[in-house]
Every structure is written in structure tokens, then in C-alpha cells.
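Structural overview
So you can see what is in the structure, the chains are spelled out below.
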Amino acid sequence: MTDQRLRKIVIVGGGTAGWMTAAALGRFLKDGHTQVTLVESEEIGTVGVGESTIPQIKIFNRMLGLDEFDFVRRTKATFKLGIDFVDWKTIGHQYHHPFGPYGVDMEGVSFHAYWLRLKAMGEAADLGEYSLQAVASAQGKFMRPNQQRNSPLARIDHAYHIDAGLYARFLRGYAEERGVRRQEGRIVDVHQRTEDGFIEAVTLQNGQRVEGDLFIDCSGFRGLLIEQTLKTGFEDWSQWLLNDRAVAVPCALGGSTQPVTRATARPAGWQWRIPLQHRLGNGYAYSSQHISEDEATAYLLAHLDGEPLIDPFTLRFKAGRRKKSWNKNVVAIGLSAGFMEPLESQSIHLIQVGISRLLAMFPDKRFETPDIDRYNRVMKFEYETIRDFLILHFHATRRNDTPYWDYLREMPIPDYLADKMAVFQSYGRVFRENEELFTDTSWFAVMVGQGLEPRGHDPMADVMADDELRARMADIHAVIARSAQVMPDHMRFIADNCAAA
Ligand SMILES: Cc1cc2nc3c(=O)[nH]c(=O)nc-3n(C[C@H](O)[C@H](O)[C@H](O)COP(=O)(O)OP(=O)(O)OC[C@H]3O[C@@H](n4cnc5c(N)ncnc54)[C@H](O)[C@@H]3O)c2cc1C
């Protein structure tokens, strides 16, 4: 029987996607049979932004066996308990999207239902006051979960704000130690097999030919193999996600040191603020139909918490995804597979999903179609459900101060989102469908935060007597307030455990 195992894998691109993929392949393909080569061009460079993450990155880092504090030190990271959304429902309003749950479910009924019932009685505190993540982050507190059963301190979930360039460098070292070869050079030519169009090699500017059985396209927005060569096609989602530019600039530290990403809605887009140990990452993602580059840049510069450290730079993009993430022997991971603005810090996660699904559906030289089709179905579901969650933020708003918000409020939305909103609006129920990324906590946080008001609550919550409901909700509220008090200050926690050199 012929040996069908892959002998050569070529990763095209050395941004976050390329080095995360290289690190994972280096970790698992250690039998010496398969050579992994990563080609990157310093002349082209990387996108160089992408600093806010979600808790799933911990799974990836654990898979690689990274020590958490070492990772935080080397990427000059801070911790993140959630996202503060400012001015999204109306100007002046703010809510927190926490990673951990609200309160605790009781008698088999979700906490959300009890909160809605108490709210209808006119006695509920703000939803955020029942979330340890929201309360602690507002006070600038942070700690990792402890082992105390039944305590909200055991259910803290966190992510990081990282310097993406340092993360890629860290992973490069990791991958090279495990046998991944790095090849510097600009790819100028791509060679396809005549019989089936599979890619067999790329040629670098210096004439060197790099051959492969499997190619992983991490070449960024250009999609060098998946699009420029294979013409896979792109689904354009810009009718829902209008923003097509971002002006970015890091600035000196200043203002709050809370463990949160801040996303502030602006007249023609939104602004992010991402605290690292040594600087703040900032950017204004905006719609070029509604504001010029000069205006957006001036707006951003006028709304920083510290002195800019470099000149602002603008990135152009279009929301959407490649019609197939895997086409022939090319798997697109990262920006080459698709892009949605980083409103919920989901892009690095999508890289991670692309890698883990590739490992789960790892091919040999036969490249079986049913497996490739399954990979594409799973990735489509991931992208589309995240897309709809993002659209919710723009669409469920009461803002009417600019044509940008008027369009978003009035636009038709995808059916999946319309169904979720309709179900919420009847009894305030939310469900996590299949294995979609965002949990019912996330959907509930954003639906309530954006000002959606259900007509009623889950009737199952009516089984509890009024007095018992009041007492148990007050108890949850008090336990959360007390738990936040014992947590250390976020920056103190970093200084004590994982400060960058
Ligand atoms: C404005 C903005 C903000 C973002 N914020 C976040 C965030 O907060 N959180 C988050 O998770 N994600 C965020 N992202 C997404 C994140 O930046 C990307 O997912 C991540 O950087 C991965 O990029 P990449 O590796 O796919 O592409 P790139 O960084 O563009 O890397 C492409 C690589 O391909 C190489 N290459 C290209 N062409 C050739 C060629 N011809 N020959 C050789 N090499 C080539 C380049 O040299 C480079 O190494 C943001 C993105 C943008 C645009």
C-alpha cells in the first residue's frame, strides 16, 4: 500500500495565524515524518493589530503547554474579564459583557428568568450587579478562579490583552524548537497541478521553489492561495457590518487600569481601547461612507487617554468570509479566511478554531471530499453565528443621532438573528445553538444591554414565591459584592505575579 501520509506542509504567512498554526503543528506532528515550513516576508509585514482575546485562548495555550504567567510576561499582557460597551444603546448608557455567568440558576430555571421577573416587580438591581466579572472589573480587581465550590470566585473566567507581535514571536520560538522551518522571502509565483488544480509549489523572489502536499494560507487579507490562485470567492457581509476601515494608534498608558476592553460607539463606527502593560491599543473602526479618513483620525486622536506613540495608520477591510475555508489542498486560516471587525475580540479565536478543526479533520494525500466538506460546514457555522452576534450590537440600538445609526437600526437582519431576537422578546429566553461560540450569558448580556425588552419572563420562574425570590436574589447580590471585595487590584496582581521585564 502506498504511504498516503503528508510529507510536506507549507504555511504561507507569519502573522498571528501563521505562527499559531505552526506552533500547533510543531506540537503534534513530532514523528519526524512531516516537515512543516513557514514562508513569510518581512518586506510585506503583518497586520500588526489584534490584541484583545476571549477565554478560549487559554485552551490553545494549554494545548501548547504554555505557562500562563510566562505567556503574560512575554506578551506584556493584561487580564480581561469582559467588554465594557459605552454609548451603544443610547449616548451616556454603558453595560458590561462578562465572560462568566450572571448569578446562579435555581430550581432548574435560569438566573436570567428570575432577574427578569424581579425587574418586572420593580425590585431588581442592574443586571451587572449580579455578575462578579462586571462588579470586579468596574472596581479594577482581578484574580484567577479559586477552588472554593459554590463561590462565584470559582467561576471567574478570563482572557488577555496581548501584544500580538510579541505573541507571534513567542510562538515562532516555540515552533522552531519543534522543527518548523522558517523561510524568509516574498512569494512571486504559485504552481498548480495541471490535472486537478491542486497547489504543488510556490516560488520565492530569489527563485527558490518550496513544494508541499498541504498548503495553509495565512497570507492575510490578500488570500494569496485561497483567492488569488484558487478564486474561491468571497461572501460580502457589508450590508450588515458597514465598517470597512479602522484607524489605529497605540498611546501611552493613562486612565483606567480595569481588566476590560472598552468599545465605545461613535458617530460613524466604534472605538476600542485595549490596555497592555506598557501601552494602550486604540482604534476607530468606521464606515467610509459616513466619515472620511481625516475626520476619523482626528476623532480618534481627540479621544485618547495618553500621548500617541506613533503616527496613526489606517487599515482597509471588507466584512465577509471566503465561500470555502478549505479548497483543494489549501486551508485558509486567519484573515485570508474572512474578517469581521473585532467588536467581540473573535478573530484570534477563529484562527484557533480553524486550527483545531484542521487537526480534527487532518488529511492525508487523498484529501477526501466528505471531510473537506464537513470542515467547510463547521467553519461556515462558526463565522455566521459570530456575525449575527456582532450585528445584534449595531442593530438593537436606540441611537438616532447620525445616518449611520439610522441605517443600522432599520436594516433587515439575517433570519438566525431575527429568530433569536423574537424568542428573547417573548419570554426573555436565550439559547446557545449547537456549539456556537457565544453562550446564553453573552446573548443575554448584549440583548439586555442594547435595550431589548421582552414582553414577559419564563413562566417557570413563577413557581418560586415572591418572598423567596426576593431573599435569594438579595443573597446572590450580596455574595457577589463580598466576593469582589476580596479580589486583589488588577495591576497589583500583575506586579506580584507576571510583570513584563
Ligand atoms: C483593525 C483590526 C483590529 C483587530 N483587532 C483584533 C482584536 O482585538 N482581537 C482579535 O482577536 N483580532 C483582531 N484583529 C484580527 C487580527 O489582527 C488577525 O486575526 C491576526 O492578526 C491574524 O492575521 P493574519 O496572520 O491572518 O494576517 P497578517 O497579519 O496580515 O499576516 C500575513 C502574513 O502573510 C505574509 N505574506 C503575505 N503575502 C506574502 C507573499 N506574497 N509572500 C510571502 N509572505 C506573504 C506576510 O508577510 C505576513 O507574515 C484585528 C484586525 C484588524 C484589521
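Residues numbered from 1 in each chain as written. Predicted model: local features only at pLDDT ≥ 70, side-chain atom pairs only at ≥ 80, totals over all residues. Heavy atoms only, no water.

**Topic: the sheet that holds strand E13 (residues 245–251)**
In plain terms, the rule: Two strands make a pair as long as DSSP finds a minimum of two bridges between them. Only DSSP runs of H or I reaching four residues or more are called helices, and only runs of E reaching two or more are called strands; each is numbered from the N terminus. In this analysis, axes come from line fits to C-alpha atoms, helices being fitted only over the stretch in contact, and the angle between any two N-to-C directions falls in the range 0 to 180 degrees.
Across the sheet, which stays open at both edges, the 7 strands sit in the order E5-E4-E14-E15-E16-E13-E17 with mixed pairing between neighbours. The open sheet has two free edges, formed respectively by strand E5 (94–98) and strand E17 (313–316), since each of these has just one partner strand. Mean inter-strand twist for the sheet, computed between neighbouring axes without regard to direction, equals 20°. Of the strand pairs in this sheet, E13 and strand E16 (residues 280–286) are connected by 7 bridges, and their pairing is antiparallel. Residue Ala248 lies in a different strand from E16, and its bridge partner there is Gly283.

**Some words on the packing of aromatic side chains**
To keep things clear, this is the line we draw: Classification of ring pairs rests on two measures: the distance between centres of Phe, Tyr or Trp rings, Trp counted by its six-membered ring, which must be within 6.5 Å, and the angle between planes, read as stacked under 30 degrees, edge-to-face over 60 and tilted in between. Burial status follows relative accessibility: with a 1.4 Å probe on protein chains alone, a residue under 20% of its type maximum counts as buried, one over 50% as exposed, and anything between as partly exposed.
Tallying each qualifying case throughout the model produces 26 aromatic pairs. Arranged with centres 6.4 Å apart and planes meeting at 70°, the rings of Tyr102 and Phe444 form a pair that is edge-to-face. Residue Tyr102 is found in the loop between E5 and helix H4 (111–120), and its partner Phe444 is found in helix H13 (residues 440–449); the two are separated by 342 residues along the sequence. Overall, the relative accessible area of 0% leaves Phe444 in the buried class. Summarising the aromatic geometry, the rings of Phe394 and Trp405 are spaced 6.3 Å apart at their centres and angled 25° between planes, so their arrangement reads as stacked. You can see Phe394 sitting in helix H10 (residues 369–395) and its partner Trp405 sitting in helix H11 (residues 403–410), a full 11 residues away along the chain.

**Topic: the domain arrangement of the protein**
In plain terms, the rule: In this document the domain limits rely on a domain assignment from an automatic tool or a database. When checking whether two residues touch, look at their non-hydrogen atoms; a contact exists if any pair is within 4.5 Å. The term buried area refers to how much accessible surface (probe radius 1.4 Å) is lost by two components on association, counted for both of them together.
According to the domain assignment, the protein contains domain 1 (8–51 + 163–235 + 322–367), domain 2 (97–158 + 386–490) and domain 3 (245–316). On a C-alpha basis, the centroid separation for the pair domain 2 and domain 3 is 27 Å. Opposite the 12 residues of domain 2 that make contact, domain 3 presents 12 residues. Summed over both partners, the interface of domain 2 with domain 3 comes to about 900 Å²; 64% of that surface belongs to carbon and sulfur atoms.

**A look at the pairing of strand E15 (residues 269–275)**
Most of E15 is tucked away, with 7 of its 7 residues classed as buried. Alternating residues of E15 divide into Gly269, Gln271, Arg273 and Pro275 and Trp270, Trp272 and Ile274, and every residue in both groups is buried. The sheet contact formed by strand E14 (residues 260–266) and E15 spans 5 bridges and is antiparallel. From the neighbouring strand, Arg266 faces E15, where its bridge partner is Gly269. Examined bridge by bridge, E15 and E16 share 7 bridges and lie antiparallel to one another. Its bridge partner lying in E16, Trp272 is registered against Gly283. Between E15 and E16, which pair antiparallel and follow one another directly, the connecting turn spans 4 residues.

**Observations concerning the pattern of salt bridges**
Stated formally: Criterion for a salt bridge: a side-chain nitrogen of Lys or Arg within 4 Å of a carboxyl oxygen of Asp or Glu.
Enumeration according to the criterion identifies 38 salt bridges in this entry. Arg472 is paired through a salt bridge with Glu468; the nearest N and O atoms lie 2.8 Å apart. Residue Arg472 and its partner Glu468 are located together in helix H14 (residues 466–486), separated by 4 residues, close to a single helical turn. A relative accessible area of 27% means that Arg472 is categorised as partly exposed.

**Things to note about unusual backbone geometry**
Unlike most non-glycine residues, Glu107 shows phi in positive territory, near 55°. Of note, Glu107 is situated in the loop between E5 and H4. We classify Glu107 as exposed; its relative accessible area is 60%. At Ser345, a residue that is not glycine, the phi angle is positive and equals roughly 55°. Tracing the chain through its elements places Ser345 in the loop between strand E21 (338–339) and helix H9 (347–360). Since its relative accessible area comes to 3%, Ser345 is described here as buried.

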